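# Structural description and commentary
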Amino acid sequence: MKIGSWNRKFILRPGAAEDWFGDAIKTVLPEEPANLAFGYFNPDTLLDVAYVTGTSHLHILFNAGNGHFSYSNMYVAGKSDLAAGDPDHFGGDDIIVVGYPGEVEMLMYLNEGNGLFEPPILLSPPAVLNHIRIGDLDSDGDNDVVAFGVYSQLCIESIFIFWGNGQGFDAEPDIYEC
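Residues numbered from 1 in each chain as written. Predicted model: local features only at pLDDT ≥ 70, side-chain atom pairs only at ≥ 80, totals over all residues. Heavy atoms only, no water.

### Quick word on the overall build of the chain
The line we're drawing: Elements are defined by DSSP. Helices are runs of H or I of four residues or more, strands are runs of E of two residues or more, and each kind is numbered from the N terminus. The cut-offs for exposure are 20% and 50% of the maximum accessible area for each residue type, with area from a 1.4 Å probe on protein chains only; residues under the lower value are buried, those over the upper are exposed, and the others partly exposed. The contact definition used throughout considers only heavy atoms, calling two residues in contact when any of these lie within 4.5 Å. The Shrake-Rupley method, run with a 1.4 Å probe sphere, supplies the accessible areas, and residue values consider only the shown protein chains as cover.
When its secondary structure is counted, the chain shows 0 helices and 15 strands. Across the 178 residues of the chain, 44% fall into the buried class. In the chain, 33% of the contacts between residues at least 6 apart in sequence involve partners at least 24 apart. Summed over its atoms, the accessible surface of the chain is roughly 9,000 Å², and 54% of this surface lies on carbon and sulfur atoms.

Put into structure tokens, the structure is as follows:
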């Protein structure tokens, strides 16, 4: 499967073999995506798509299972990057967004389990974050949050690891200077 976006269209090219892809299935989007993440945002077990735009909006596309996506709610968010995962082990994949230019903020949208998200939790890490991912780095069964950005106090590019604790993640990250 190949996925891309062009001119406010989300393009899915389904395929079972490495060198063959079927006809493109297009979904017209309300805004051009800047970055996207995949996750399970509703209970149907189909992989959904979330994307942020250059106008600081977060959009959710629910997978219909036939190569088509239905548009969901729009949320206010950052511009740079987003990640999907389940750090709190409740309600499906949550979404974390970073990237207010020059601001030290990270927004976490907790999934209610029905395709809706709670109002965002505002987190203030010690950095201007540009990139973010979610994964279990230490194999303890809890998802950790990894981010890249500029450490505010020293203006040094750094990697930040917010360790998962089973109910979310630690608010104070470990910082590794690059």
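### A word on the sheet that holds strand β8 (residues 81-85)
Note the threshold: Two strands pair if DSSP finds at least two bridges between them. Note on geometry: axes are lines fitted to C-alpha atoms, helical ones only across the stretch in contact, with angles between N-to-C directions running from 0 to 180 degrees.
The strand order across the open sheet built from 4 strands is β8-β9-β10-β11, with neighbouring strands paired in antiparallel fashion. Edge strands, defined here as strands with exactly one partner in the open sheet, are β8 and β11 (121-123). With strand direction ignored, the average angle separating the axes of adjacent strands in the sheet is 20°. Here strand β9 (residues 94-98) pairs with strand β10 (residues 106-109) via 4 bridges, running antiparallel. Note on β10: the bridge partner recorded for V98 is M106.

### A short note on the side chain of N111
Rules: Whenever two N or O atoms come within 3.5 Å, that pair is a polar contact, provided that in protein one can donate a hydrogen and the other can accept it, and provided that, for residues adjacent in sequence, both atoms are side-chain atoms.
Mapped onto the elements, N111 comes out in the loop between β10 and β11. The exposure class assigned to N111 is buried, which follows from its relative accessible area of 1%. A distance of 2.9 Å separates the side chain of N111 from the backbone oxygen of D93, its partner in a polar contact. One polar contact links the side chain of N111 to the main-chain amide nitrogen of G113, over a distance of 2.6 Å.

### With respect to the sheet that holds strand β14 (residues 156-162)
Taken in spatial order, the 4 strands make up an open sheet running β12-β13-β14-β15, and their pairing is antiparallel. Across the chains shown, the open sheet's two edge strands, defined by having one partner strand only, are β12 (127-135) and β15 (174-177). Neighbour-to-neighbour, the strand axes of the sheet open up by a mean angle of 25°, direction not taken into account. Judged from the 7 bridges that link them, strand β13 (residues 144-151) and β14 form a sheet pairing that is antiparallel. The partner of G149 across the bridge, within β14, is S158.

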